[in-house]
Amino acid sequence: MADEMRSGSGNGETLGGGVKRYDYQGVESPSTAVVKAVASATGRDPLDLPVLEEVLDTDALNALVTHSTDATTRVSFSYDGIDVVVDSAGGIVVWTDEDW
């Protein structure tokens, strides 16, 4: 599990093929971590990304993955053309185009 999201550097664990994994558990809300993870994965400033609340209900995302008693709860969606999966184990996986 990558500790970079915890330390604030914003870099995730590269899994190959444009896939990076980030850990948000115990650090911040999953929705905030998604914005930071996508920004980090694409080399962009989080403020340059669309407002996440315009893409999905961030309160629902946070509730689903932080209050789930099922360790396999996953929410997947596309955010600014990037595929994202947030899981209840505290992870975010981001798929980017390697030529971003």
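An account of the accompanying structure is given in this report. Being a predicted model, the structure only gives us computed values, none of them experimental.

### Describing the environment of Ser78
And step 1. For Ser78, the location among the structural elements is in strand E3 (residues 74-79).
And step 2. For Ser78, a relative accessible area of 39% puts it in the partly exposed group.
And step 3. In this structure the C-alpha to C-alpha distance between Ser78 and Val55, which are 23 residues apart in sequence, comes to 8.3 Å.
And step 4. Those residues in contact with Ser78, other than ones at most four positions away along the chain, are Val55 and Asp83.

### Quick word on the nonpolar core
And step 1. If you look at the biggest cluster of nonpolar residues, it comprises 22 residues, and the most contacted ones within it are Val34, Phe77, Tyr79, Val84, Val86 and Ile92.
And step 2. Listing elements by their share of this core, those giving two or more residues are helix H2 (30-42), helix H3 (58-66), E3, strand E4 (82-87) and strand E5 (91-95).
And step 3. At 7 residues, H2 tops the list of elements feeding residues into this core.
And step 4. In this view, Tyr79 contacts Val34, Val35, Val38, Leu49, Pro50, Leu52, Val55 and Val84; residues no more than four positions away in its chain are not counted.

Parameters at a glance
- Residues numbered from 1 in each chain as written.
- Predicted model: local features only at pLDDT ≥ 70, side-chain atom pairs only at ≥ 80, totals over all residues.
- Heavy atoms only, no water.
- Helix = DSSP H or I, 4+ residues; strand = E, 2+ residues; numbered from the N terminus.
- Buried < 20%, exposed > 50% of the residue type's maximum accessible area, 1.4 Å probe, protein only.
- Contact = heavy atoms within 4.5 Å.
- Core = buried A, V, L, I, M, F, W, Y, C linked by side-chain atoms within 4.5 Å.

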